[in-house]
Amino acid sequence: MSTLLDDDERQLQQSVRTFMDKRVAPLVAEHERARTFPWELLRELTPFGYVRGWVPVEAGGDGLSAMMQAILMEEAGRTWGSLRTTVNVQGMVARTLAGGTAEQRERFLTPMLDGTRFGWFGLTEPDAGSDAGALKMRARKRGDSYVLNGSKIYITNALGSDFGVVFARVIDEDGSDHGVTAFLVDSAESPYGCYDIPHMPVRSTTSCELTFDDVCVPAANVLGEVGGGLRLAMGAVNIGRLSMSMGAVGLSQACLEASVDFCRKREQFGKPIAGFQLVQQMVAEIATITSTCRLLGYHAARTLDAGEQGRYECSMAKYYCGESVGRAATLALQLHGGAGLMEESPVERYFRDAREATIPEGTTQMQILHLGKHLLGVSALR
Ligand SMILES: Cc1cc2nc3c(=O)[nH]c(=O)nc-3n(C[C@H](O)[C@H](O)[C@H](O)COP(=O)(O)OP(=O)(O)OC[C@H]3O[C@@H](n4cnc5c(N)ncnc54)[C@H](O)[C@@H]3O)c2cc1C
């Protein structure tokens, strides 16, 4: 029993874990193999606070504490990386939409909150990854619409979603730049190109390239203010960092549980390998990684709940948890021997999924440079 949680938090953790173990875990292997995702599951997950949690009660959401969200993401990460990634992106889109007009919320947010409509979050471009502010996608005003040109890359679940939030730079014909702006793009109203790029981890998600070639988007679909897009994006990315950190904690926990179980059962030299000192050292290291990462993630969540921005704490958690889960998964695989490399072992998936943790929502290097700027007062970027 975790002494780090209060009674309500512990209750949430237990009920989500029971649901994940009984309802979700049996689905994982088949969907990962087929690279499919059971979207209907989201309708069963939203009552726990998935997707709805980051949306304030006034906007129709649950307005959960960051700590409750951390618990939800830890449990999703312990069960299925693809699910954790999916609910994270849905939560980021929903939170961004919460600041939209009543009409935008009615059309896009309300169905997201009951798990019947799904959205993507389109910031990264082929030439603007870590340097997201350098994005090149253009939006030009024409009458009551904007015409979008450019492309996005690595956009999670754009195949599988029928709308998204895309970030583009509003530029007039005379070249004046009004800044990065968020647009709601409905695939039925404003058709865009969408192509899956097969990828290594979280195989039940899609990772897409999106192309916009004179795509017309109604001006009513501008989300927030013209020029306010980067602020919206960074607000969403900060909670995405907490989500990724806690997903990594859950994945480390899964590595620990699988390793303990395997080492007790697997026998060599006439006894369970659990009795060998070198094996115990690896298991103890996974346990220590899991606990230290959990403390950092919970600390970041408590900082947000104290009303602070928590950028430093979320970056530190993302950096440390993202890197450490790679070590935890490597050790778990080693403990499983040859069995760990077989696709029928969950550890093979843990190892692939752990590799994702250091890249989206800002790479490890970006988190370190953010911490460096905070500590030393000098930006290493520009
Ligand atoms: C599985 C997955 C899902 C994703 N989902 C989404 C999504 O839904 N929406 C979205 O908008 N994006 C998404 N992304 C994109 C993700 O946010 C970017 O991949 C990430 O920000 C890094 O950008 P990049 O890949 O272009 O790498 P680059 O920015 O090109 O970086 C390459 C390497 O250079 C390093 N580097 C760059 N600049 C510096 C510097 N100044 N100092 C030191 N090192 C530096 C980086 O740390 C990295 O190691 C996703 C990515 C992946 C892999």
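Preceding block: the structure.
Structure report, in brief.

Calculation rules
Residues numbered from 1 in each chain as written. Predicted model: local features only at pLDDT ≥ 70, side-chain atom pairs only at ≥ 80, totals over all residues. Heavy atoms only, no water. Near = heavy atom within 4 Å. Polar contact = N/O pair within 3.5 Å; in protein donor to acceptor, adjacent residues only side chain to side chain. Helix = DSSP H or I, 4+ residues; strand = E, 2+ residues; numbered from the N terminus. Nonpolar A, V, L, I, M, F, W, Y, C, P; charged D, E, K, R; others polar. Patch = residues over 30% accessible without salt bridge, like charges linked within 9 Å, V, L, I, M, F, W, Y side chains within 5 Å. Areas by Shrake-Rupley, 256 points an atom, 1.4 Å probe, with all protein chains shown as cover. Salt bridge = Lys/Arg side-chain N within 4 Å of Asp/Glu carboxyl O. Buried < 20%, exposed > 50% of the residue type's maximum accessible area, 1.4 Å probe, protein only.

1. What to know about the site of the ligand
Turning to step 1, where the next piece is worked out: Neighbouring the ligand are 18 residues, the closest being Phe121, Thr124, Ser130, Thr363 and Gln365.
Turning to step 2, where the next piece is worked out: With respect to the ligand, the side chain of Ser130 contributes an N or O atom lying 2.6 Å from an oxygen atom.
Turning to step 3, where the next piece is worked out: The separation between a nitrogen atom of the ligand and a polar side-chain atom of Thr156 is 2.8 Å.
Turning to step 4, where the next piece is worked out: Elements with a minimum of two residues in the shell around the ligand: strand 1 (119-122), strand 3 (145-156) and helix 10 (364-376).
Turning to step 5, where the next piece is worked out: Of the residues belonging to the shell around the ligand, the class tally is 9 nonpolar, 7 polar and 2 charged.

2. A closer look at a nonpolar patch on the surface
Turning to step 1, where the next piece is worked out: Residues Leu375, Leu376 and Val378 make up a contiguous nonpolar surface patch of about 350 Å² in total accessible area.
Turning to step 2, where the next piece is worked out: When you line up the elements, Val378 lands in the segment after helix 10.
Turning to step 3, where the next piece is worked out: Judged by its relative accessible area of 56%, Val378 falls in the exposed class.

3. Brief notes about the pattern of salt bridges
Turning to step 1, where the next piece is worked out: The final tally for this structure, using the stated rule, is 20 salt bridges.
Turning to step 2, where the next piece is worked out: The partner of Glu75 in a salt bridge is Arg17, and the shortest N-O contact between them spans 2.8 Å. Note that Glu75 is positioned in helix 3 (residues 66-79) and Arg17 in helix 1 (residues 7-34), a separation of 58 residues in sequence.
Turning to step 3, where the next piece is worked out: Of the residues examined, Glu75 reaches a relative accessible area of 0% and is grouped as buried.
Turning to step 4, where the next piece is worked out: Among the salt bridges present, the one from Arg23 reaches Glu44, with a minimum N-O distance of 2.8 Å. On the criterion of sequence distance, the pair formed by Arg23 in helix 1 and Glu44 in helix 2 (residues 41-45) is long-range, its members being 21 residues apart.

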